[in-house]
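Residue-level structure breakdown
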Amino acid sequence: MSQEELYLDSAPAGELKSDVTEKKSRSRLGLVVTGVLGGSLVALYAVAAPFVAPALRKVCLPFVPATTAQVENVLRVLRARSGTLVDIGSGDGRIVIAAAKHGFQASGFELNPWLVWYSRYKALREGVHRSTSFHISDLWKVSFAQYSNVVIFGVPQMMEQLELKLANELPSTAKVVACRFPFPTWVPEHIAGEGIDTVWVYDAKTFKTHIQHGMTKRTTPEHEDTPESHT
């Protein structure tokens, strides 16, 4: 007879029942913890997935929130401007809402409906719902002819085609601000920021003239503007 069998034979019955009960309790607790963690992960994915899904189907453009510095750089380069503003691929609406607070009549176009609904709620909460509008739409199916200020957080794969679209649609008085990536052939009138917070500012009169004459220019101007320090 093994030592374990001798122990079981010699151990009181109450002690054996206690050990079994304790093991069962631990097993149930482990199942409960596993179920809670699994359910939490599923719920988190269900909530987050609509926000990080690609916003523009023609070019895969996932939602990447603008940094505080990016928003500040956009507003700074447009500080002397007014009128209408559109954010192409507006995400959670932070550029549109910030622009509205600075006097613009601002609109956002975003393919992801969850982000559009969230942006509308956020604009209402921030008190700028009367000077903002958010639309569920593919940018390639929208005309931007009515806007005098355009902001775009694009990716390199879409910028060349977007050049042609904006050059054909925008009025000659418009300004275009590209964030993170510059347009491939347009010449920016100046640059603000650095790294991922860089913004490039383009004058519509200039790039429309270049398009009309079939001219291609480099994307880096002679003088760059670095951002002021923020505290």
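Structure shown above.
Heads up: these notes are all about the structure in this document. What you are looking at is a predicted structure, and each value in this text was computed from that prediction instead of being measured.

Turning next to the overall build of the protein. Looking only at helices and strands, the protein features 7 helices and 7 strands. Secondary structure elements of the protein, listed N to C terminal, follow the sequence α-α-α-β-α-β-α-β-β-α-β-β-β-α. In the protein, the proportion of contacts linking residues at least 24 apart, taken out of those at least 6 apart, comes to 65%. Only carbon and sulfur atoms are counted for the fraction: they give 58% of the accessible area of the protein, which is about 13200 Å².

The next thing to look at is a nonpolar patch on the surface. A cluster of nonpolar side chains, Trp 114, Trp 117 and Ile 136, forms an exposed patch at the surface whose accessible area comes to about 350 Å². Residue classification places Ile 136 among the partly exposed positions, given a relative accessible area of 41%.

A few words now on the pairing of strand S3 (residues 132-136). The sheet contact formed by strand S2 (residues 105-110) and S3 spans 5 bridges and is parallel. Across the sheet, Ala 106 pairs through a bridge with Thr 132, a residue of S3. For the segment spanning S2, helix H5 (residues 113-126) and S3, crossover handedness is right-handed.

Taken in spatial order, the 7 strands make up an open sheet running S3-S2-S1-S4-S5-S7-S6, and their pairing is mixed. Each edge of the open sheet is held by one strand with a lone partner, namely S3 and strand S6 (190-192). In this sheet, neighbouring strand axes are inclined to one another by 20 degrees on average, regardless of whether the strands run parallel or antiparallel. Its contacts with the sheet place helix H4 (residues 94-101) against strand S1 (84-88), S2, S3 and strand S4 (149-153), and it is angled at close to 175 degrees to S2.

Phe 144, Leu 166, Val 176 and Phe 183 are the most contacted members of the largest nonpolar core, which totals 27 residues. When contributions to this core are tallied by element, the ones reaching two or more residues are S1, S4, helix H6 (156-169), strand S5 (175-179), strand S7 (199-203) and helix H7 (204-212). The dominant element in this core, judged by the number of residues it contributes, is H6, at 5 residues. Sequence-distant contacts of Val 176, that is, excluding residues within four places in its chain, are made with Val 150, Ile 152, Leu 166, Leu 170, Phe 183, Trp 186, Trp 200, Val 201, Tyr 202 and Phe 207. Formed by 26 residues, the second largest nonpolar core is a distinct cluster that contains Leu 78, Val 116, Val 128 and Val 199.

We now examine the packing of helix H3 (residues 68-77) against H4. At a minimum axis separation of 10 Å, H3 and H4 run at an interaxial angle of 40 degrees. By the angle between their directions, the pair H3 and H4 is classed as oblique. By crossing handedness, the relation of H3 to H4 is classed as right-handed. In this structure, H3 contributes Val 71, Val 74 and Leu 75 to the contact, and H4 contributes Arg 94, Ile 95, Ala 98 and Ala 99. Its residues assigned to classes, the contact of H3 with H4 comprises 6 nonpolar, no polar and 1 charged.

A few words now on the environment of Ala 106. Within the secondary structure, Ala 106 is located in strand S2. Taking C-alpha positions, Ala 106 is 9.6 Å from Val 128, a pair spaced 22 residues apart along the chain.

Moving on, we come to H6. An α-helix turns once every 3.6 residues. As a result, residues three or four positions apart point the same way. A rise of 1.5 Å per residue sets the reference length of H6, with its 14 residues, at 20 Å; its end C-alpha atoms lie 20 Å apart and thus fit the reference within 8%. Of all the bends found along H6, the most pronounced is centred on Leu 162 and spans about 35 degrees. Listed in full, the buried residues belonging to H6 are Met 158, Met 159, Leu 162, Glu 163, Lys 165, Leu 166 and Ala 167.

Of note in the backbone geometry, Arg 180 takes a positive phi value of approximately 75 degrees without being a glycine. Summarising the element assignment, Arg 180 is placed in the loop between S5 and S6. Of the residues examined, Arg 180 reaches a relative accessible area of 21% and is grouped as partly exposed.

Cut-offs used in this document
Residues numbered from 1 in each chain as written. Predicted model: local features only at pLDDT ≥ 70, side-chain atom pairs only at ≥ 80, totals over all residues. Heavy atoms only, no water. Helix = DSSP H or I, 4+ residues; strand = E, 2+ residues; numbered from the N terminus. Contact = heavy atoms within 4.5 Å. Areas by Shrake-Rupley, 256 points an atom, 1.4 Å probe, with all protein chains shown as cover. Patch = residues over 30% accessible without salt bridge, like charges linked within 9 Å, V, L, I, M, F, W, Y side chains within 5 Å. Salt bridge = Lys/Arg side-chain N within 4 Å of Asp/Glu carboxyl O. Buried < 20%, exposed > 50% of the residue type's maximum accessible area, 1.4 Å probe, protein only. Pairing = 2+ DSSP bridges. Right-handed = clockwise from strand over helix to strand, strands pointing away. Axes fitted to C-alpha atoms, helices over the stretch in contact; angles between N-to-C directions. Core = buried A, V, L, I, M, F, W, Y, C linked by side-chain atoms within 4.5 Å. Parallel < 35°, antiparallel > 145°, perpendicular 65-115°, else oblique. Left-handed = near helix turned anticlockwise from the far one by under 90°. Nonpolar A, V, L, I, M, F, W, Y, C, P; charged D, E, K, R; others polar. Expected span 1.5 Å × (residues − 1). Bend = angle between axes of the 7 residues up to and from the residue.

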